[in-house]
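Chains, contacts and geometry: an overview
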Amino acid sequence: MSAPAAPGGPLVDAVGAAAYTVPTDAPEADGTLAWESTTLVLVRARSGGTTGFGYTYGAPPAARVVDELLARAVTGLRVWDPPGANEAMRRAVRNVGLPGLVAGAVSAVDIALWDLKARLLGLPLADLLGVGTREVPVYGSGGFTTYSAEQQDRQLRDWVDGLGIPRVKIKVGESWGRRERRDRERVAAARTSIGEAAELYVDANGAYTRKQAIRLASCLDDEGVTWFEEPVSSDDLTGLARIRAAVSPDVAAGEYGCTLSYFDAMIASGAVDCLQADATRCGGITGWLRTAALAEAAGLQISGHCAPHIHAHAAAAVPNLRHVEWFHDHVRIEQQLFDGALSPEGGTIRPGRNGRPGLGLELREEAAERYRVRP
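Residues numbered from 1 in each chain as written. Predicted model: local features only at pLDDT ≥ 70, side-chain atom pairs only at ≥ 80, totals over all residues. Heavy atoms only, no water.

Before going further, it helps to examine the overall build of the protein chain. What the protein chain contains, in helices and strands, is 14 helices and 15 strands. At 20 Å, the protein chain has a C-alpha radius of gyration in line with the 21 Å of a compact globule built from 375 residues. Relative to its full complement of 375 residues, the protein chain shows a buried share of 56%. Taking the intrachain contacts of the protein chain between residues at least 6 apart in sequence as the baseline, contacts between residues at least 24 apart amount to 71%. Total accessible area computed for the protein chain in this model is approximately 14400 Å², and 50% of it derives from carbon and sulfur atoms. In the protein chain, 39 positive and 46 negative side-chain charges are present, and the distance between their average locations comes to 4 Å. (Helix = DSSP H or I, 4+ residues; strand = E, 2+ residues; numbered from the N terminus. Rg over C-alpha atoms; globule rule 2.2 N^0.38 Å. Buried < 20%, exposed > 50% of the residue type's maximum accessible area, 1.4 Å probe, protein only. Contact = heavy atoms within 4.5 Å. Areas by Shrake-Rupley, 256 points an atom, 1.4 Å probe, with all protein chains shown as cover. Lys, Arg positive; Asp, Glu negative; His and termini not counted. Charge placed at Lys NZ, Arg CZ, Asp CG, Glu CD.)

On to the layout of surface pockets, then. Space inside the largest pocket adds up to approximately 800 Å³. Surrounding the largest pocket, 37 residues form its lining, Leu33, Tyr57, Gly58, Tyr256 and Arg281 being those nearest its centre. Counting residues per element, the ones that place at least two in the lining of the largest pocket are β2 (34-47), β3 (50-58), α3 (101-121), β5 (167-171), β11 (321-327) and α13 (328-337). For the lining of the largest pocket, the element with the most residues is β2, which contributes four residues. For the lining of the largest pocket, the residue count by class is 13 nonpolar, 14 polar and ten charged. Looking at the second largest pocket, the residues that line it are Asp25, Ala26, Tyr147, Gln151, Arg154, Gln155, Asp158, Trp159 and His328. For the lining of the second largest pocket, the secondary-structure elements that each account for two or more residues are β1 (14-29) and α5 (149-162). Of the residues contributing to the lining of the second largest pocket, the split by class is three nonpolar, three polar and three charged. (1 Å grid on protein atoms, 1.4 Å probe; cavity = no way out; pocket = protein on both sides within 12 Å on 5 of 7 lines; lining within 4 Å. Points joined across faces, edges and corners; volume = space filled by probe spheres on them. Nonpolar A, V, L, I, M, F, W, Y, C, P; charged D, E, K, R; others polar.)

Before going further, it helps to examine the pairing of strand β7 (residues 225-229). Among the five residues that make up β7, four are buried, leaving the element largely enclosed by the rest of the structure. Taken together, β7, helix α9 (residues 237-246) and strand β8 (residues 250-253) form a β-α-β motif whose crossover is right-handed. (Right-handed = clockwise from strand over helix to strand, strands pointing away.)

Residues other than glycine predominantly adopt negative phi, and peptide bonds predominantly adopt the trans conformation. Phi is positive for Trp176, close to 55°, though the residue is something other than glycine. Structurally, Trp176 can be placed in helix α6 (residues 174-177). Of note in the backbone geometry, Asn205 takes a positive phi value of approximately 50° without being a glycine. Note that Asn205 resides in the loop between β6 (199-203) and α8 (210-222). Residue class for Asn205 comes out buried when judged on its relative accessible area of 10%.

Turning to the packing of aromatic side chains, a few remarks are in order. This structure, assessed with the given rule, holds ten aromatic pairs. Relative to Tyr147, the ring of Phe144 has its centre 5.3 Å away and its plane inclined at 90°; by these criteria the two rings are edge-to-face. Tyr147 carries the same exposure label as Phe144, and that label is buried. Through successive ring pairs, a cluster of aromatic residues spans Trp35, Phe144, Tyr147 and Phe327. (Phe/Tyr/Trp six-rings, centres within 6.5 Å; stacked < 30°, edge-to-face > 60°.)

Okay, empty space enclosed by the protein next. For the structure shown, the criterion picks out two cavities of 30 Å³ or more. Lining the largest cavity are Val172, Asp183, Arg184, Val187, Tyr208, Leu216, Cys219, Leu220 and Phe228. Listed by contribution, the elements that provide at least two residues to the lining of the largest cavity are α7 (180-194) and α8. The class makeup of the residues in the lining of the largest cavity is seven nonpolar, no polar and two charged. Its volume calculated, the second largest cavity comes out at about 40 Å³. In terms of lining residues, the second largest cavity is bounded by His313, Gly340, Leu342, Arg350, Pro351, Gly352, Arg353, Asn354, Arg356, Gly358, Leu359 and Gly360. Split by residue class, the lining of the second largest cavity holds three nonpolar, six polar and three charged.

Taken N-terminus to C-terminus, the directions of α3 and helix α11 (residues 284-297) make an angle of 95°; their axes are 6 Å apart at the nearest point. In terms of their interaxial angle, α3 and α11 are classed as roughly perpendicular. Only Gly284, Ile285 and Thr286 of α11 make contact with α3, whose side of the interface consists of Ser107, Asp110, Ile111 and Trp114. Per-class residue counts for the contact of α3 with α11 are three nonpolar, three polar and one charged. (Axes fitted to C-alpha atoms, helices over the stretch in contact; angles between N-to-C directions. Parallel < 35°, antiparallel > 145°, perpendicular 65-115°, else oblique.)

Attention shifts here to helix α1 (residues 61-74). Relative to the 20 Å expected for 14 residues at 1.5 Å per residue, α1 spans 19 Å between its end C-alpha atoms, a close match to the ideal helical length. At Asp67, α1 shows its largest kink, close to 35°. Listed in full, the buried residues belonging to α1 are Ala62, Ala63, Val65, Val66, Leu70, Ala71, Ala73 and Val74. Taken together, the buried residues of α1 touch β1, β2, α2 (82-92) and α3. (Expected span 1.5 Å × (residues − 1). Bend = angle between axes of the 7 residues up to and from the residue.)

What follows concerns the pattern of salt bridges. Taken as a whole, this structure holds 26 salt bridges when the rule is applied. Taking the shortest distance from any N to any O, the salt bridge between Glu174 and Arg182 comes out at 2.7 Å. Arg244 is the salt-bridge partner of Asp273, the closest N and O atoms lying 2.9 Å from each other. Of this pair, Asp273 sits in the loop between α10 (260-268) and β9 (274-277) while Arg244 sits in helix α9; the two residues are 29 residues apart in sequence, bridging distant segments of the chain. Residue class for Arg244 comes out partly exposed when judged on its relative accessible area of 29%. Within the structure, one salt-bridge network assembled from shared partners comprises Lys169, Lys171, Asp203, Glu229 and Glu325. (Salt bridge = Lys/Arg side-chain N within 4 Å of Asp/Glu carboxyl O.)

Right, here's the structure in full:
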């Protein structure tokens, strides 16, 4: 249903948010953090009788940021202009501070506005943005440090043998890097699980020291690891650059970035072989596409971090895409709460293939309501 006509096109009539906290299916942890639930903050943007959806992963108070700060910044603006709304939101939070929770809220609203625009036009978001590829590569991501050997083996085999995903990632750096032996054992076990043909990635979530990461790289080489994510903190650009120069696997980072200046500094320092960006943190679809262009100008590829159903359409639009993360925690939530979830069978997802407008997702209201929390 189309929005009412207005000079210059339909307007954003209302924006609101809600938070849903979903328990994990097993205890999860990486090198630095453990969790037993994940919160999705969902934004609805309405124009006339049409509603667009966007979301971020974070904390329930992000919904209050949307309702109390961002809604008034974008209500009344033209639906056709998500980049203009993005700039209006950034100006509205200048004194509050953008990084972290607020950046997630801005990103979720931006995504909802892009979804709304595509729905009003009756187009999949991929078609609105312009398709460079219909098949977006994904990698299976999970392998939490809390998993038993049997859990890790089962998950990896499900991805590689069951779904045909030819690239997978596990977490390392357990207990802030204090369990090196178990890290080595788990990497070796992962290689046994997936065989020689599949690509093996590891993610330390910044848990290692510089020297430790370089030392452990020999173990990674032995198992054919080709992707070393956040071997040290992404704040340590000098350390990332030194590790990158010393190890064989590609070094990747950037998932916490929320501004172009952050990504520009990361690129300028020579810290990464592949830039990661998370549309639910870096300014939504608007911010992610700009970050991809920045990476392309520097001769780098970009990877979409987590939230695969958000990244799929934008990822299909950029020429320097490497892949999108098919993250177990988020995939499970997105499949549970939305109709229209994509299939990664064969190692790719195909945004827009079903012809549904926007992101192609519809919230399962009854399924979601049981997890709804007050911000």
